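Topology and contacts: notes
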Amino acid sequence: MAGSEADSRFYITTPIYYVNDVPHIGHAYTTVAADVVARYQRLRGRDVYFLTGTDEHGLKVERSAQRQGIAPQELADQVVGRYRELWERLEISHDDFIRTTEDRHAAGVRKLWGLLEQSGAIYKGVYEGWYNVSDEAYVPDSQVVDGCDAESGQPLERVQEESYFFRLSEYGDALVEHIRAHPEFIQPDNFRNEILSFLDQGLKDLSISRTTFTWGVSVPDDPDHVIYVWIDALTNYISALGYGSENEDLYQRFWPADLHLIGKDILRFHAVYWPALLMAAGLPLPRQIFAHGWWTKEGQKMSKSKGNVLDPFGLTDYYGTDQVRYFLLREVPFGQDGDFSDAAMVRRANEELANDLGNLLNRTLSMQRKYLGEEVGLPAVETDEDADLKAHLDGLPAAFEEHMDQLRFHRALEAVFEVVRRGNLYVDETAPWVLNKEGNRERLATVLANLLETVRIVDLHLWPVMPEACNRMFMQMGYSLEGVELDRDAQWGARPATLTITKPKPVFQKVQEPET
Ligand code: ME8
């Protein structure tokens, strides 16, 4: 049913981040990507719900608080402030921010637990094995060498205690069937294949409660048990919609999620545990889980001990928020690992943003004001160059949409910048300064209107990635984003008959590599 409410709604989530430490660039990456998708879908007229939040329970957070000599709640309250600040700085347009220490969340966790119990998916037993506190994950004996995780080298702890178990082993076949029937369910394909081969080895039941610490949601009617932090955390995606509360309207409207964006490190929790839990509870599964890669810094893995962790505050202070957002999405195909280097950042900011895009706007507005004044009429096709420029603009929405719908941000941006470069070439081809000298005012008006139309349509496509800079560009163009829909308004001439421009001011400053 085209245009129905079900079609127009779009629910997107980020992981909820641990509050054991302050945010770093990896947290910023997932959240910026989610924000770009949310803004893009809103611009296409969809009814978007965008959720982020913090994961505040578990041993990792409890231990970190202990080390600092404060209560876990106090640590959570401190760190959550840093996250909120960062999202403001990064222009994140989330609709909700869930904290797992909120009552509304615990209500959702308990309701889900109740459903699992009713369906017979939970039983009590004893867990004996290894636990990785840093990942909050159980580790099979086969993956342990000298008390450490063979993959990551992280130290493990031996656990032996009474525990509730989830009958995960019963859901392997159903998961494989679902993944095979829905190729889009886990993306990109390499991660989908990774999960399929993991499932191929067979699943063990999952320990889902602990009795040796208290920082978490307690098991309904058995308060000695704290619910495993990953069960607690995954439930945020529905508890934030009011699941388990008196008013489940949002849950009814937005679940299942269209997209869980995550990093590749937490794929198994999202692509195996979460759907199995939902199946056991009889709830619908999310439509897509998309895992992105990891960033390194100048070729090195980021770590506190090396002191090379990228601080998103420092980075945006130095380069600017929109420049950083652009870089993160333009530099690396989403889904693959990527490397941050100042040289690459500077190149993108200076060559693509300041030179190619900034100059196109600046030249257009300056010439318009100097030669013809502030009023700009509609674009028109009079010559072959005009027709070619228009053809480039006409092709952009479909190319952009195709890439964005597949989360190929770098290709979507590449498509936009191809048009930007075509615009700059058009300036050289039409030489407005010559037209001015010749006194050909009619042709000059068309050429400058066509250029302004180029910048307007480019800007509409770039807005989800660089909202602040694009808003400033729109202001200088005298164009308002109010009520705009991409599909309708990113068309040649789909704008008010006259735009009144203002004096151009550079939107993108040139930057230099920091001195080390
Ligand atoms: O895992 N490059 O929280 P977390 C790219 N609370 N992304 C990175 C990264 C890097 N170097 N490092 C981290 C958790 N990330 C759980 C999630 S969800 C129900 C619970 C990103 O604070 C990436 O998105 O450890 C990863 O998935 C997330 O940070 C993990 O954040």
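For clarity, every value in this text was computed on a predicted model and none was experimentally measured.

1. So, unusual backbone geometry
Residue glutamine 187 is joined to proline 188 through a cis peptide bond whose omega torsion reads -10°. With respect to the helices, strands and loops of the structure, proline 188 is situated in the loop between strand S9 (186-187) and helix H7 (189-200). The linkage connecting tryptophan 255 with the following residue, proline 256, adopts the cis geometry, with an omega of 5°. Structurally, proline 256 can be placed in the loop between helix H10 (249-254) and strand S14 (259-263). Unusually for a residue other than glycine, aspartate 146 sits at a positive phi of about 50°.

2. Some remarks on helix H19 (residues 467-477)
In an α-helix, one turn spans 3.6 residues, which is why side chains three or four residues apart end up on the same side. Taken as a whole, H19 has its buried residues at Ala469, Cys470, Met473, Phe474 and Met477. Around the axis of H19, the buried residues are gathered within 140° of arc, so they sit on the same side. Looking at the buried positions of H19, the neighbouring elements they touch are helix H13 (321-331), helix H14 (342-372), helix H18 (441-462) and strand S19 (499-500). In the stretch just after H19, glycine 478 is the one whose phi turns positive, near 70°.

3. Section: the UniProt feature "domain: Methionyl/Leucyl tRNA synthetase" (unreviewed entry) in the chain
In the numbering adopted here, UniProt assigns the feature "domain: Methionyl/Leucyl tRNA synthetase" (unreviewed entry) to residues 11-148 and 159-365. The annotated region residues 159-365 carries 46% helix and 18% strand content, and the separation between its end C-alpha atoms amounts to 68 Å.

4. Some details on the sheet that holds strand S8 (residues 157-166)
Taken together, 4 strands build an open sheet; the order of strands is S5-S4-S8-S10 and the sheet is antiparallel. The two strands at the open ends of the sheet, each matched to only one other strand, are strand S5 (137-139) and strand S10 (206-207). With 2 bridges connecting them, S8 and S10 associate as antiparallel partners. Bridging from a neighbouring strand, phenylalanine 165 pairs with serine 207 of S10.

5. Comments concerning the UniProt feature "short sequence motif: 'HIGH' region" (unreviewed entry) in the chain
Listed under "short sequence motif: 'HIGH' region" (unreviewed entry) in the UniProt record, and renumbered for this structure, are residues 17-27. Taken end to end, residues 17-27 is 27% helix and 18% strand, and its two terminal C-alpha atoms sit 7 Å from one another.

6. Examining the site of the ligand
As a structural note, the neighbourhood of the ligand is formed by 19 residues, with Pro15, Gly26, Thr30, Asp55 and Gly263 the closest of them. For the shell around the ligand, the secondary-structure elements that each account for two or more residues are strand S1 (9-18), helix H2 (25-43), helix H8 (229-234) and S14. Of the residues in the shell around the ligand, the class split is 12 nonpolar, 5 polar and 2 charged.

7. Digging into the nonpolar core
The biggest cluster of nonpolar side chains holds 144 residues, and the ones touching the most others in it are Ile12, Ala33, Ile227, Leu277, Val416 and Leu448. By residue number, the principal contributor to this core is H18, which donates 12 residues. Residue contacts for leucine 448: discarding those within four places in its chain leaves Thr364, Met367, Gln368, Leu372, Val376 and Pro432.

8. Focus on the pairing of S1
Burial of S1 is extensive: 9 of the 10 residues sit out of reach of the surface. Sheet topology places S1 next to strand S2 (residues 47-55); 8 bridges connect them, and they run parallel. Residue pairing in the sheet places tyrosine 18 in a bridge with aspartate 55 of S2. What joins S1 to S2 is H2, and the crossover it makes is right-handed. Strand direction decides the pairing type here: S1 and S14, joined by 2 bridges, are parallel. The residue of S14 that forms the bridge with isoleucine 12 is leucine 259.

Conventions used here
Per chain, residue numbering runs from 1 following the sequence as it is written. Selection of residues for local features in this predicted model requires a pLDDT of at least 70, selection of side-chain atom pairs for listing and counting requires 80 or more, and totals for whole chains, interfaces and linings are taken over all residues. Only DSSP runs of H or I with at least four residues qualify as helices, and only runs of E with at least two residues qualify as strands; both kinds are numbered from the N terminus onward. Partly exposed residues are those falling between the two cut-offs: more than 12 but fewer than 20 other C-beta atoms within 10 Å of their own, whereas 20 or more means buried and 12 or fewer means exposed, with C-beta atoms placed from the backbone. To obtain the arc, one takes the directions from the helix axis to the C-beta atoms. The contact rule is simple: place each C-beta atom from the backbone, and if two of them lie within 7 Å, those residues are in contact. UniProt positions are given in the numbering used here, feature names are shortened, and annotations may be inferred rather than shown by experiment. Here the rule is simple: two strands pair whenever DSSP picks up at least two bridges between them. Near, for a residue, is defined by distance from a backbone-placed C-beta atom to a molecule or strand, with 6 Å as the limit that must not be exceeded. Under this grouping Gly is polar, as are all residues other than the nonpolar Ala, Val, Leu, Ile, Met, Phe, Trp, Tyr, Cys and Pro and the charged Asp, Glu, Lys and Arg. A set of buried residues qualifies as a nonpolar core if it consists of Ala, Val, Leu, Ile, Met, Phe, Trp, Tyr and Cys joined through C-beta atoms within 7 Å. Convention used here: a crossover is right-handed provided that the path from the first strand, over the helix, to the second strand proceeds clockwise when the strands point away from the viewer.

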